[in-house]
Structure formats: structure tokens, C-alpha cells
Amino acid sequence: MEQSPRFRNLDALDSAILRELQRDARKSYADIGKAVALSATSVAERIHRLEHEGVIEGYQVKLSAAKLGYPVTAFILARPNGPDVRFIKVARERSEILACYRVTGEFSFIAHAVVRDVTHLEALLNHLEPAAVHIVTLVVLSTSFDSGPVDVG
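Okay, so let's go over this structure.

Calculation notes
Residue positions are given per chain, counted from 1 along the sequence in the order it is written. Local features in this predicted model are restricted to residues whose pLDDT is 70 or higher, and side-chain atom pairs enter the listing and the counts only when it is 80 or higher, whereas totals over whole chains, interfaces and linings include all residues. As a rule here, side-chain values come from all non-hydrogen atoms in the structure, and water together with hydrogens is ignored. Labels follow the DSSP assignment, with helices taken as runs of H or I lasting at least four residues and strands as runs of E lasting at least two, numbered in each case from the N terminus. Think of it in three bands: residues with accessible area under 20% of the maximum for their type are buried, residues over 50% are exposed, and the middle band is partly exposed, with areas taken using a 1.4 Å probe on protein chains only. Remark: nonpolar core denotes a set of buried residues (Ala, Val, Leu, Ile, Met, Phe, Trp, Tyr, Cys) joined through side-chain atoms within 4.5 Å. Note on contacts: a residue pair qualifies if any of its non-hydrogen atoms lie within 4.5 Å across the two residues. Throughout, the arc means that of the directions going from the helix axis to the C-beta atoms.

Turning next to the environment of Val 55. Topologically, Val 55 is positioned in the loop between α3 (40-52) and β1 (72-80). Owing to a relative accessible area of 33%, Val 55 belongs among the partly exposed residues under this scheme. Counting along the chain gives 71 residues from Val 55 to Asn 126, while the straight-line C-alpha distance between them is 38 Å.

Set out below in C-alpha cells:
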């Protein structure tokens, strides 16, 4: 059976390299090579191929929103009152919204936001309100875990 071109089978070495990168994306090719028993050159070639194929989408710094003045995390569930593209446009206007997901179910979107306090959250909701017929807000009390690694086999 032929596999869909959207998915890529990873060999054991690619999987091992990706596990190392998920643990610490700042590791050198040499350090990854030691961990997976490959030369730094071979690791670099494999990483470049995985980047080119889109398996590795990028590298990011994880910032502490709380230490930058945004200690309140909220998830905003919204049902637009018009075209979805309008809600997306309105949500994208606010930098407090870190991500917005189109979902199935009672609501069409879930937006992940960070704000300074409840007054700031209220202002954000007031901004979104004209683009939605119904909004439910969930404020995060604590985070049990965050950014678990993707299972690469």
C-alpha cells in the first residue's frame, strides 16, 4: 500500500535526530551526532533534508509571557456572526492572541491569548465581540504540562 505524499516515513536515525532537536534545538551537529552515532556532517545533511521537506518547520525561542508582563492565559471560544475570514482578521489584529485554531463542534474558533489582567482580557473580548455571535472565555489557572514533544517513533 502506497503512503500518502503528505506524510513522510522516518528512519530510526531521522527519528533519533528529531528527538534530540525537540529536547534542545540549540545542540550542535556534533553533539547530536554523538547522541545518535553519526558524524556532524551526516547529521547536518539529514537536518537540512528534513527542513527542506517541511518536517522541521522552524526553530523558536520559548518566552515566559508572565515574566514579560502577561501572567494571564486565556482560551477564547468563538462562533463568528459572519464569514470566518472576518473573525480571523479581527483576531489577527491583536498581538495578545498567540494562536487561533479553526475547530469542529459548537464553536468555530479557539484563540489562545495572554493578557496583563482581567481588565486587559475584557478589552480584548470587546475587540472580538463585533465579529462573534457567541464567545466563551476560559482562564487558565495553572499549566499541567506544555509543549510536549511530537512522537517521532
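Continuing now.
Turning to the nonpolar core, a few remarks are in order. In globular proteins that are soluble, nonpolar side chains generally tend to be buried together. By size, the foremost hydrophobic cluster in this structure holds 18 residues, and its most contacted members are Ile 76, Phe 87, Ile 97, Leu 124 and Leu 128. Only β1, α4 (84-92), β3 (109-115) and α5 (118-128) provide two or more residues apiece to this core. Not counting residues within four places of it along the chain, the set of residues in contact with Leu 128 comprises Ile 76, Phe 87, Val 90, Ala 91, Ile 97 and Ile 135. Counting eleven residues, the second largest nonpolar core, distinct from the first, contains Ile 17, Leu 21, Ile 32 and Ile 47.

Among the residues making up α5, those that are buried are His 120, Leu 121, Leu 124, Leu 125 and Leu 128. Down the axis of α5, the buried side of the element spans an arc of 140 degrees, and every buried residue falls inside it. Looking at the buried side of α5, the elements it contacts are β1, α4, β2 (97-102), β3 and β4 (132-139).

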